[in-house]
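Reading the structure
The residues making up each chain are set out below.
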Amino acid sequence: MSAVMISRKVTRKWEKLPGKNTFCCDGRVMMARQKGVFYLTLFLIVGTCALFFAFECPYLAVRLSAAIPVFAIVLFLFVMAMLLRTSFSDPGVLPRALPEEANFIEMEIEAANGSIQAGQRPPPRIRNVQINNQIVKLKYCYTCKIFRPPRASHCSICDNCVDRFDHHCPWVGNCVGKRNYRYFYLFTLSLSLLTIYIFTFDIVHVALRSMDSGFLNTLKETPGTVIEVLVCFFTLWSVVGLTGFHTYLISLNQTTNEDIKGSWSGKNRIQNPYSHKNIIKNCCEVLCGPTYPSVLDRRGLMSVEAPSSTSSPPTPDNAATKSNPATPNTKTTAPLIPNEHTPDEAKPGIGTPPQKTNGSIPKEGKPSSPRGASPKRSPAPIVVKESAH
């Protein structure tokens, strides 16, 4: 005879997280699903530096100084470290509300808005908070079922709310938010320096070789130099311009999302409540502030019950159970929506053993009592506590 047993399968929380992210290394690496442009970024950086180390560095180390390739290697390693740190980290994704929490928030909103007549549009779901004597509106996210914190926004590509959302960058394959913005800025800054460095010494290399063997012979001997110059020339303006733009935002303690929407420079001329009115203080807060931990707990453990069948020899108890199966105990919860009640027939008495409908004697040998003999007991009230988001 086969008996069904309940075995607990241990899984990580990242396997059940909603959204459109991908996880690697057992949840340690978190990225967006669209990673094609990220691979292109890796190819351009690694390929350009490889050509520079193969064609220019041996000649420049002998002709000028051995410090040229050493500094290029250090700068290249720093760029790759900042890129991977930005791409593989949690940008500040906010967890979604649990079903109980979402129902409680919906009840709270309905109670605040009152009854709405048919055909009327419900009012916007907004909460007002005061930050530095400035009123800031917290918008409700219909996907995550939460009131987003200040400066947070929902990324449509990753389908998650991100704290201090700046923008979604396909070049790094991830969102840029509260937890990885400083690494993104250091990546763009170091990449600008590396691009200028390689482009400058490419020109120096061509000039020195042209003095010895001519310009055309130099291009024939080092074809990789032409590729490097073209790649650096077209990427120099975009990377340096992006670095300058984010330097301007950091000096104002502002995000790209706020700048595009005109949150602090619109018609109302609302001042930025997060700015310290000092460039040095703003830069220190953004670049030198504390490192915030992730609130997702991606590698936390969660148990999932899975049935597994095992064979066991037949026993008298098993035979009696098979011939006279008992009704399994089921748990019922009271509804969270008001004015919605559970029927009296579906309310089981607390501590009352399962009854037989055919009047047969249960396994324990006690005669079954009629249904109306035992008094009905109402289910215990459930206290719903408001959780902080």
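Described in the following lines is the structure provided in the data block. Given the structure is predicted, the values throughout are model-derived calculations rather than measurements.

1. Some remarks on the overall build of the protein
Within the protein one finds nine helices and 11 strands. Burial statistics for the protein: of 389 residues in total, 32% are counted as buried. Intrachain contacts of the protein at a sequence separation of at least 6 include 67% that bridge at least 24 residues.

2. Focus: the side chain of Glu 56
If you trace the backbone, Glu 56 turns up in helix α1 (residues 36–63). At 7.3 Å, Arg 209 is the nearest oppositely charged side chain to Glu 56, a buried residue that forms no salt bridge. Beyond its immediate chain neighbours, meaning those up to four positions away, Glu 56 contacts Leu 51, Phe 201, Asp 202, His 205, Thr 225 and Glu 228.

3. Let's talk about the sheet that holds strand β5 (residues 134–141)
Pairing within the open sheet is antiparallel, and its three strands lie in the order β4-β5-β6. Two strands close off the open sheet at either side, each with one partner strand: β4 (126–131) and β6 (146–147). In this structure, β5 lies alongside β6, joined through two bridges in antiparallel fashion. Bridged to Tyr 140 within β6 is Phe 147.

4. Thoughts on the nonpolar core
Counting residues in hydrophobic clusters, the biggest one holds 36 residues, and the most contacted among them are Ile 45, Phe 52, Phe 187 and Tyr 197. Counting only elements with at least two residues in this core, the list comes to β3 (29–32), α1, α2 (67–87), α4 (181–213) and α6 (223–252). Residue contributions to this core peak at 11 residues, all from α4. In contact with Ile 45, not counting residues within four places along its chain, are Phe 76, Val 79, Met 80, Leu 83, Phe 187 and Leu 191.

5. Brief notes about the packing of aromatic side chains
Considering all chains together, one arrives at 11 aromatic pairs under this definition. Geometrically, the ring pair formed by Tyr 140 and Tyr 142 is edge-to-face, given 5.3 Å between the ring centres and 90 degrees between the ring planes. On the basis of relative accessibility, which here comes to 5%, the residue Tyr 140 falls in the buried class. An angle of 55 degrees between the planes, with centres 4.8 Å apart, marks the rings of Tyr 197 and Phe 201 as tilted. Pair noted here: Tyr 197 and Phe 201 are both in helix α4, with a separation of four residues, about one helical turn. Ring pairs connect the aromatic residues Phe 52, Phe 53, Phe 71, Phe 76, Tyr 197 and Phe 201, which therefore count as one cluster. The ring of Tyr 181 is capped by Arg 164, whose NZ or CZ atom sits 5.3 Å from the centre of that ring.

6. Quick word on the packing of α1 against α2
At a closest axis distance of 10 Å, the pairing of α1 and α2 adopts a crossing angle of 170 degrees. What the angle tells us is that α1 and α2 run roughly antiparallel. Facing Phe 38, Thr 41, Leu 42, Ile 45, Val 46, Cys 49, Phe 52, Phe 53, Cys 57, Leu 60 and Ala 61 of α1, the residues of α2 in contact are Ile 68, Pro 69, Ala 72, Ile 73, Phe 76, Val 79, Met 80, Leu 83, Leu 84 and Ser 87. Considered class by class, the residues forming the contact of α1 with α2 number 19 nonpolar, two polar and no charged.

7. What about the packing of α6 against helix α8 (residues 279–288)?
When two helices pack together, you describe them by how their axes are tilted relative to each other and by the distance separating the axes. Where α6 meets α8, the axes come as close as 6 Å, and the angle between the chain directions of the two elements is 105 degrees. In terms of their interaxial angle, α6 and α8 are classed as roughly perpendicular. Residues Ile 250, Ser 251 and Leu 252 of α6 form the contact with α8, whose participating residues are Ile 279, Asn 282, Cys 283, Val 286 and Leu 287. Split by residue class, the contact of α6 with α8 holds six nonpolar, two polar and no charged.

8. Let's talk about the side chain of Asn 257
Within the secondary structure, Asn 257 sits in helix α7 (residues 256–261). Every residue in contact with Asn 257, bar those within four places of it in the chain, is listed here: Ser 153, Phe 165 and Asp 166.

How each quantity is defined
Residues numbered from 1 in each chain as written. Predicted model: local features only at pLDDT ≥ 70, side-chain atom pairs only at ≥ 80, totals over all residues. Heavy atoms only, no water. Helix = DSSP H or I, 4+ residues; strand = E, 2+ residues; numbered from the N terminus. Buried < 20%, exposed > 50% of the residue type's maximum accessible area, 1.4 Å probe, protein only. Contact = heavy atoms within 4.5 Å. Lys, Arg positive; Asp, Glu negative; His and termini not counted. Salt bridge = Lys/Arg side-chain N within 4 Å of Asp/Glu carboxyl O. Pairing = 2+ DSSP bridges. Core = buried A, V, L, I, M, F, W, Y, C linked by side-chain atoms within 4.5 Å. Phe/Tyr/Trp six-rings, centres within 6.5 Å; stacked < 30°, edge-to-face > 60°. Lys NZ or Arg CZ within 6 Å of the ring centre and 35° of its normal. Axes fitted to C-alpha atoms, helices over the stretch in contact; angles between N-to-C directions. Parallel < 35°, antiparallel > 145°, perpendicular 65-115°, else oblique. Nonpolar A, V, L, I, M, F, W, Y, C, P; charged D, E, K, R; others polar.

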